[in-house]
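Residue-level structure breakdown
These are the residues of each chain, in order.
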Number of protein chains: 2
Amino acid sequence: MHRSVRAGLRWALATLLCIPWGVNPHGTARAQNRTSPTETTRAIPARNIPVPATVSPELARIIARTPMHPTAPRTAQDWKAAVQAAATMDLQRITAVRKQFAVTVEPLRVAGVPCFMITPVRLSDRNRHRLLMHLHGGGYVFGPGESGTLEGIIMAGFSGMKVLSVDYRMPPEHPYPAAMDDATAVWKALTQREQPANMAVFGTSTGGGMTLALVQRAREEKLPLPAAIAPGTPWSDLTKTGDSYFVNEGVDNALVAYEPLLSASARLYAGAVDLEDPHLSPVYGSFSGFPPTLLTTGTRDLFLSNTVRVHRKLREAGVDARLEVYEGQSHAQYLVDPTAPESREAFEDIAGFFDAHLGT
Amino acid sequence: MHRSVRAGLRWALATLLCIPWGVNPHGTARAQNRTSPTETTRAIPARNIPVPATVSPELARIIARTPMHPTAPRTAQDWKAAVQAAATMDLQRITAVRKQFAVTVEPLRVAGVPCFMITPVRLSDRNRHRLLMHLHGGGYVFGPGESGTLEGIIMAGFSGMKVLSVDYRMPPEHPYPAAMDDATAVWKALTQREQPANMAVFGTSTGGGMTLALVQRAREEKLPLPAAIAPGTPWSDLTKTGDSYFVNEGVDNALVAYEPLLSASARLYAGAVDLEDPHLSPVYGSFSGFPPTLLTTGTRDLFLSNTVRVHRKLREAGVDARLEVYEGQSHAQYLVDPTAPESREAFEDIAGFFDAHLGT
C-alpha cells in the first residue's frame, strides 16, 4: 500500500470505527497530542447545500426560500414602526388561517391582562373542561394584540381544545419583567378558576422560552403547575451560547443569525438585567419537578441547541420529556404552512400529547 | 424610517414572527412568487465555528479535534490492509476499556456464526435471564473479530447485562447479504433458546442500521421480535440522501463527509444490489410493529438526518420511539471516551431503557 494512502487510511479507519484517530489510542495524553491536531475554532469552507429531497413538496418550497439577513431597528420609534408593519402582515395571514379552522376568537381580560379566547366551534365533551394557555413568539417585541394569535388558532384547530392566548406587555415600553409578570398573573388566575390538571401551556420561540420560564416561576411562587407543556424551539438562551447558533447560521432561512436582530431584541427585553438570568434564559434554571414536556425543532434550526440543551436538562432532572426533530426544518417552520404534512404531523403530535396528559 | 431600513425590517419582522416573508401573505402563489426569492441550493459562506462552551471539558476535547478528510482504499488488498491496521488499533483500545469495566469476553459460535459473549463479573438476579445482542459499527468493512466488541463491552459495563456481540461476515470477501444473513441466523437461534421478551438488539452507525434491518427482516421471516432496540446514529440510508449529509459535512469531525469513504464502503457492501433496497437502507422499509426504540445522535452528526428520518417514520407508524440528541456531538462520539459525562449519560439512558422494557 502506498505510504500516502496509508496515512489517509489511518484516519479513515479510525473515523469509520468511531474511534477518531488519536483519542487515547495508547491511553496517554502524549500519544494523543502527537497524533491528534486540535483547534479552538473549525474553519468550514463555503459550500452549497441543496434543498433536501427528504421532505414534502410543501416544506421543500419553504426550505427553498433565500435567507435574507435582517437589520435591527435602532430607536424606539423604529421598533414600533417595525412591529406595526409586521402586525399588519400577520393579521392578513390570521384572517386566511381562521377560515381553515372553525374557531371563534374573543378578546377578554384575565387578571387585568388582555387575552384572546380561541374556541373551537365544535367543542367535544372530552375537551369541555380543558384549556391550553398560549404564549406567542416574536422575540419579546413582535406580535401585539390579535397579531400574536396565529399559533393559538392553529392549535385550537388541531386539538379541538380551547386556547387562551396571552397578549403580554412588551418593550420598548415594557421590558422584562412585564411579559413574565403578565404570563404569571394569567396563569395564577387560571389556576384559581380551572383545574390545573386540565391545563397545558405552549408556545413557539420566545413563547417556548416563556413557557419554560413560567413553569420555573410558578414553582418559585408555589403555584400549581400545568399538566403538560409543549415549548416549540424555545428561545431558552438569550445569549449567543449553544452550538447551533454558529453551525446553523445562514443555514436556517427563518432566523438566519443571532446578530443583529435577535441580539437587539434580547437587549431591548432585558434592559439592565443579565441575559443569563434564568428568568430570561430558562436553560440556566432548574428543571426538577417539570410536568411532561414535548419539545419540537428541526435539523436546520438556529435554535436546535436551545431545544436540545433543554431536553437534556429535563431528562437529567428525571422529567418525562420528549424531543421531536423535523428533517430540514429551520426555526419554527411548522407554523408557516399548517397544511404541509410535517406541520400537520407536528400539531397532531402535540394535540395527542395534550390529550394523553390532560384530565377531563 | 429610512427606506432601506424598512426593506430590511420587512424580512426581520417576518422571520422573528415565524412568518418568512412571502409565505402566502395574501394566500396566493402569485404574491408568493413576487415577494419571495427561492433557490435550489443555498450558498453558505465560509465560516469559523468555535468549540461549544455547552459541553463537558472531556467532550470539548473530542470536538476540538481537527477533522481530516479520509481517503478510500481501491483494491481488495488495500481494504484488507486498512481493516487490519484499524483492528490493531482497536484491540489496543479494547484492552484499556476492558480494565474499566469488570466483564469477561468469551468467543463462541451461535448458529455457526462467530460471536463474543461479554458477561459482567457481577451478574444480578434481575439480569440473569436477559441478553443484549450487539451489532458492531465500521461501515460494513471494519471491526472484524474481537476488534468489533468495544461498544458491547461498554454496554455490558453500564447495563450489567450479558451482551452477545456478533462477528458477522464482511466484504471484500462477503458482500451483502452475508452480514444480514449472519445477524438473522444468530437472532433466530437466540429466540429458540432464550425468551425474546428478555432480549434487546443494539449497535451504532452500521450496527444501528443493521439493528433496524434485522427487525424488518425478522418480521418478514415471522421470527419473534426483540423487546426493545437502541440504534445509535444508524446508517439508515446508504445513499447520500438526507439533509445532514450536506449541512454537517466538515462540521462532523468523526465521519467528516460521505465521499469518498462512506460511498466506497456502501458500494463494497452492496455489490450489485441497489443502495436504496430497504434491506440495505432500512429507512425505506416499513416500521410498523417495531418494538420500543431509543435513538441517539448529536447536533453535528453527519447522520443526524439518518437518525431523525427513522424517528419520524417510527412515530408515524405509532411506535414508542424516543430520540436523544446530544449538543455538539459528531457521529457516535459517545463511544470515544466512555468516562465523559455525556457518554455516561447516553449509556445509562440506554441501559435504563433496556431495564424498563426487558422481562426478567
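Before going into details, it helps to say that this report is about the structure given with it. As the structure is a computational prediction, the values presented were derived from the model and not from experiment.

Let's talk about the packing of helix H6 (residues 178-193) of chain A against helix H7 (residues 206-220) of chain A
Residue and element names in this part refer to chain A. Contact geometry for H6 and H7: axes closest at 10 Å, N-to-C directions at 65 degrees. Seen along the crossing, H6 lies across H7 with a hand that is right-handed. Of the residues in H7, those touching H6 at Ala179, Met180, Ala183, Thr184 and Trp187 are Met210, Ala213, Leu214, Arg217 and Ala218. Residues belonging to the contact of H6 with H7 are distributed by class as follows: eight nonpolar, one polar and one charged.

Side note on the packing of helix H5 (residues 150-159) of chain A against helix H11 (residues 341-357) of chain A
Residues and elements named next belong to chain A. Where H5 contacts H11, the two axes come as close as 9 Å, and the packing angle between them is 65 degrees. In terms of orientation, H5 and H11 fall into the roughly perpendicular class. H11 is crossed by H5, and the crossing has right-handed handedness. Residues Ile154, Met155, Phe158 and Ser159 of H5 form the contact with H11, whose participating residues are Phe347, Glu348, Ala351 and Phe354. A per-class count over the contact of H5 with H11 returns six nonpolar, one polar and one charged.

Quick notes on the sheet that holds strand E4 (residues 113-120) of chain B
All names here are of chain B. One open sheet accounts for eight strands, arranged E3-E4-E6-E5-E7-E8-E9-E10; its pairing is mixed. A strand with exactly one partner marks an edge of an open sheet, and here the two such strands are strand E3 (103-110) and strand E10 (321-326). On average, adjacent strands in this sheet sit at an angle of 20 degrees to one another, irrespective of strand direction. Examined bridge by bridge, E4 and strand E6 (residues 162-166) share four bridges and lie antiparallel to one another. Bridge assignment links Ile118 to a residue of E6, and that residue is Val163. Those strands touched by helix H11 (residues 341-357) are strand E5 (131-135), strand E7 (199-204), strand E8 (228-232), strand E9 (293-298) and E10, and its axis lies near 160 degrees from that of E8.

Points about the pairing of strand E3 (residues 103-110) of chain A
All names here are of chain A. Note: E3 against strand E4 (residues 113-120), eight bridges, orientation antiparallel. Each residue of the ladder has a partner; that of Glu106, found in E4, is Met117. If you look at the hairpin formed by E3 and E4, you'll find two residues sitting between the two strands, and Ala111 has a positive phi there, around 55 degrees.

Quick word on unusual backbone geometry
Negative phi characterises most residues that are not glycine, and trans characterises most peptide bonds. Residue Pro260(A) is reached from Glu259(A) by a cis peptide bond, and omega for that bond is 0 degrees. Take Pro260(A): it is sitting in the loop between helix H8 (244-247) and helix H9 (261-270). The phi dihedral of Val256(A) is positive, around 70 degrees, even though this residue is not glycine. Within the secondary structure, Val256(A) is located in the loop between H8 and H9. Phi at Lys222(B) is positive, roughly 60 degrees, even though this residue is not glycine. Note that Lys222(B) resides in the loop between helix H7 (206-220) and E8.

With respect to the environment of Pro67(B)
All names here are of chain B. Relative to the helices and strands, Pro67 is located in the loop between helix H3 (57-63) and helix H4 (76-100). Distance from Pro67 to Val256, taken between C-alpha atoms, is 6.5 Å for residues 189 residues apart in sequence. Setting aside residues no more than four positions away along its own chain, Pro67 makes contact with Gly250, Asn253 and Val256.

Some details on H7(B)
All names here are of chain B. Here H7 contains 15 residues, and its C-alpha end-to-end distance of 21 Å stays within 8% of the 21 Å for a straight helix at 1.5 Å per residue. For H7, a buried count of 13 out of 15 residues is recorded, marking the element as mostly surrounded by other parts of the structure. Of the residues flanking the end of H7, it is Lys222, one or two places downstream, whose phi is positive at about 60 degrees.

Thoughts on the environment of Gln100(B)
Residue and element names in this part refer to chain B. Its place among the elements puts Gln100 in helix H4. C-alpha separation for the pair Gln100 and Glu345, spaced 245 residues apart in sequence, amounts to 16 Å. Look past the residues within four positions of Gln100 in its chain and what remains in contact with it is Gly157 and Pro338.

Rules used in this analysis
Residues numbered from 1 in each chain as written. Chains lettered and ligands numbered in written order. Predicted model: local features only at pLDDT ≥ 70, side-chain atom pairs only at ≥ 80, totals over all residues. Axes fitted to C-alpha atoms, helices over the stretch in contact; angles between N-to-C directions. Helix = DSSP H or I, 4+ residues; strand = E, 2+ residues; numbered from the N terminus. Left-handed = near helix turned anticlockwise from the far one by under 90°. Contact = placed C-beta atoms within 7 Å. Nonpolar A, V, L, I, M, F, W, Y, C, P; charged D, E, K, R; others polar. Parallel < 35°, antiparallel > 145°, perpendicular 65-115°, else oblique. Pairing = 2+ DSSP bridges. Expected span 1.5 Å × (residues − 1). Buried ≥ 20, exposed ≤ 12 C-beta atoms within 10 Å, placed from the backbone.

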